[in-house]
Amino acid sequence: MVQLTLPKNSVIGKGKTWPKPDGAKKTKAFRVYRYSPEQGSNPRWDTYHVDTSKCGPMVLDVLLYIKNKIDPTLAFRRSCREGVCGSCAMNIGGHNSIACTKGWDEVAGRTITIAPLPSLPVVRDLIPDLTNFYAQHAYVQPFLKTDTPAPEREWKQTPEDREQLDGLYECILCACCSTSCPSYWWNGDKYLGPAALLQAYRWLIDSRDEATGERLDDLEDPFKLYRCHTIMNCAQVCPKGLNPAKAIANVKHMMVERVV
Ligand code: SF4
Ligand code: SF4
Ligand code: FES
């Protein structure tokens, strides 16, 4: 039978509203998703008031302010703070983004909601479980495959062949695209999702790679590739400005071309 309501243990409770910092003249409210598996209780929304005169401009600065000055138990991932590692991806004000390059003043609303990336199991607070996401990345074999003996120094490409990889190699594997894709929400166990498929295309069109047929065979399946319905959420949220939907369309085109 179809379940039309959330299971009881998924309903998000009200949580705690933390007091405003002493002496703060200008504050901004942030509603943050909290979940601690060992407590055995439902997730909750905690509200924090951040002194904006003492906090940097990005959402990651807000999270660090909360952790350092209000509530050290808040858990989230981050590493580079430069939009390079993809670790700080989360849902900010209803849109997936990376916290270190998203200014909190770019997000509309008196209170800004911060939640983990949607549709993935939550390890703790803002930390999603990316096991399946990484397995899908590994599935597309994101490395050069060739039978030609390796050259002494390097595999060369013409500038034109190298240009083909622009808009693809810049992916930081943040998972913002896949977790904003409705097809991925419903079939994330079988559909590879936009991030893995963008990588698949990156290697399919690499002039040095010699496994094109094998790579296309691996995607020939009703779910892995063809569950993309060109809804375009992926291209809208990518923090690096990439277009996974276009890459997926190109892979589909390669599939058609090889049978005609
Ligand atoms: S275009 Fe395809 S991959 Fe992108 S969000 Fe839509 S269904 Fe998902
Ligand atoms: S394509 Fe963009 S949104 Fe998707 S994983 Fe790569 S960088 Fe992140
Ligand atoms: S901390 Fe690396 S992308 Fe945000």
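Look above for the structure.
Described below are features of the structure shown in this document. Please read these numbers as outputs of a predicted model, since none were measured by experiment. (Residues numbered from 1 in each chain as written. Chains lettered and ligands numbered in written order. Predicted model: local features only at pLDDT ≥ 70, side-chain atom pairs only at ≥ 80, totals over all residues. Heavy atoms only, no water.)

Below, the discussion takes up the packing of helix α5 (residues 193-204) against helix α8 (residues 244-259). In contact at an axis separation of 8 Å, α5 and α8 are set at 55° when each is read in the N-to-C sense. Relative to α8, the element α5 lies oblique. For the pair α5 and α8, the crossing hand works out as left-handed. Across from Pro194, Leu197, Leu198, Tyr201 and Leu204 in α5, the residues of α8 making contact are Pro244, Ala247, Ile248, Asn250, Val251 and Met254. (Axes fitted to C-alpha atoms, helices over the stretch in contact; angles between N-to-C directions. Helix = DSSP H or I, 4+ residues; strand = E, 2+ residues; numbered from the N terminus. Parallel < 35°, antiparallel > 145°, perpendicular 65-115°, else oblique. Left-handed = near helix turned anticlockwise from the far one by under 90°. Contact = heavy atoms within 4.5 Å.)

Take the side chain of threonine 179 next. Note that threonine 179 resides in the loop between α3 (159-163) and α4 (182-187). Residues contacting threonine 179, with those up to four places away along its chain left out, are Asn96, Leu117, Pro118, Ser119, Leu120, Tyr184 and Trp185.

Before going further, it helps to spend a moment on the site of ligand 1. By nearness alone, every residue bordering ligand 1 is listed as Cys181, Tyr191, Pro194, Cys228, His229, Thr230, Ile231, Met232, Asn233, Cys234, Ala245 and Ile248. Counting residues per element, the ones that place at least two in the shell around ligand 1 are α7 (233-237) and α8. Its residues assigned to classes, the shell around ligand 1 shows nine nonpolar, three polar and no charged. (Near = heavy atom within 4 Å. Nonpolar A, V, L, I, M, F, W, Y, C, P; charged D, E, K, R; others polar.)

Close contact between helix α6 (residues 212-219) and α8 brings their axes to 11 Å; oriented N to C, the two are set at 110°. Between α6 and α8, the interaxial angle falls into the category roughly perpendicular. Across from Thr212, Gly213, Leu216, Asp217 and Leu219 in α6, the residues of α8 making contact are Val251, Met254, Met255 and Arg258. A per-class count over the contact of α6 with α8 returns five nonpolar, two polar and two charged.

Here we come to the sheet that holds strand β4 (residues 95-98). Spatially, the five strands line up as an open sheet ordered β2-β1-β5-β3-β4, and their pairing is mixed. The strands lining the two open edges of the sheet, one partner per strand, are β2 (44-51) and β4. Each strand axis lies, on average, 35° off the axis of its neighbour in the sheet, ignoring direction. Here eight bridges tie strand β1 (residues 27-34) to β2, and the two strands are oriented antiparallel to one another. By the bridge assignment, arginine 31 is partnered in β2 with threonine 47. Relative to the sheet, helix α1 (residues 59-70) contacts β1, β2, β3 (89-92) and β5 (111-115), its axis offset from that of β2 by approximately 95°. (Pairing = 2+ DSSP bridges.)

Summed over all chains, the structure comprises five aromatic pairs. Ring geometry for tryptophan 18 versus tyrosine 48: centroids 5.6 Å apart, planes at 20°, classification stacked. Here the residue tryptophan 18 occupies a position in the segment before β1, and tyrosine 48 occupies one in strand β2, the gap between them amounting to 30 residues. Among the residues examined, tyrosine 48 registers a relative accessible area of 0% and is labelled buried. Ring centres 6.5 Å apart and planes at 70° place the aromatic pair tyrosine 184 and tyrosine 191 in the edge-to-face group. (Phe/Tyr/Trp six-rings, centres within 6.5 Å; stacked < 30°, edge-to-face > 60°. Buried < 20%, exposed > 50% of the residue type's maximum accessible area, 1.4 Å probe, protein only.)

If you check α1, its first and last C-alpha atoms are 15 Å apart, about what twelve residues at 1.5 Å a residue would give, namely 16 Å. Packed against the buried residues of α1 are β1, β2, β3 and β5. (Expected span 1.5 Å × (residues − 1).)

One recurring pattern in soluble globular proteins: nonpolar side chains tend to sit buried together. Ranked by internal contacts, the top residues of the largest apolar core, which has 68 residues, are Ile114 and Leu219. The residues that make up this core include at least three from each of domain 1 (8-128) and domain 2 (131-259). Look past the residues within four positions of leucine 219 in its chain and what remains in contact with it is Leu192, Leu197, Ala200, Leu204, Lys224, Leu225, Val251 and Met255. (Core = buried A, V, L, I, M, F, W, Y, C linked by side-chain atoms within 4.5 Å. Domains from an automatic or database assignment.)

Here we take up the pattern of salt bridges. In this structure the tally under the stated criterion is 17 salt bridges. A salt bridge links arginine 215 to aspartate 209, with the shortest nitrogen-to-oxygen separation between them at 2.9 Å. Per residue, the accessibility class of arginine 215 equals that of aspartate 209, and both read buried. (Salt bridge = Lys/Arg side-chain N within 4 Å of Asp/Glu carboxyl O.)

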